[in-house]
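Observations on the three-dimensional arrangement
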Amino acid sequence: VLKKRLVKLVVNFLFYFRTDEAEPIGALLLEHCRITKEEENVFSISFVEEPERKYCFECDSEEQCQEWIEALKRASYEFMRRSLIFYRNEIQKMTGKDPLEQYGISEEARFQLGTHKQ
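Anyway, here's the lowdown on the structure attached to this text. Quantities reported herein were computed from a predicted structural model and do not represent experimental measurements. (Residues numbered from 1 in each chain as written. Predicted model: local features only at pLDDT ≥ 70, side-chain atom pairs only at ≥ 80, totals over all residues. Heavy atoms only, no water.)

Roughly 920 Å³ of internal volume is contained in the largest pocket. Of all the secondary structure elements, the ones that give two or more residues to the lining of the largest pocket are strand E1 (5–10), strand E5 (42–47), strand E6 (50–58) and helix H1 (62–73). It is E6 that contributes the most residues to the lining of the largest pocket, six residues altogether. Classifying every residue of the lining of the largest pocket gives 14 nonpolar, one polar and seven charged. Considered as a void within the structure, the second largest pocket measures approximately 320 Å³ in volume. In this structure, the second largest pocket is lined by 13 residues; those nearest its centre are His32, Cys33, Lys73, Ser76 and Arg82. Elements supplying a minimum of two residues to the lining of the second largest pocket: strand E4 (33–39), H1 and helix H2 (77–95). Its residues assigned to classes, the lining of the second largest pocket shows five nonpolar, three polar and five charged. (1 Å grid on protein atoms, 1.4 Å probe; cavity = no way out; pocket = protein on both sides within 12 Å on 5 of 7 lines; lining within 4 Å. Points joined across faces, edges and corners; volume = space filled by probe spheres on them. Helix = DSSP H or I, 4+ residues; strand = E, 2+ residues; numbered from the N terminus. Nonpolar A, V, L, I, M, F, W, Y, C, P; charged D, E, K, R; others polar.)

Listed below in structure tokens is the structure:
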């Protein structure tokens, strides 16, 4: 069933609204999900836990569709975590110092310097 909704991305939540209401009617937590381009102006979101359930979104243009796909792929906690680890390692290689050490974050903290490949 197709329904017209407005959407708003806030960190790793995609809120959706009825076109005539200010309060969201729901939200999707963008963790453990797959963002897939379906057609020229359409992309979908599906989740690892519920692969049979798919949320489809139609955009006004192919360019807008691609922008949404890229933004949604960068929105997850895991993407941000991997980015933090990458840049932390790069800064440490360049300076010889851990840039997070000044904030009391040690290697024992959850943002380990080691990489975890998926």
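Taken together, the side chains of Val10, Val11 and Met80 present a nonpolar region at the surface, about 240 Å² in accessible area. The residue Met80 is located in helix H2 in this model. (Patch = residues over 30% accessible without salt bridge, like charges linked within 9 Å, V, L, I, M, F, W, Y side chains within 5 Å. Areas by Shrake-Rupley, 256 points an atom, 1.4 Å probe, with all protein chains shown as cover. Salt bridge = Lys/Arg side-chain N within 4 Å of Asp/Glu carboxyl O.)

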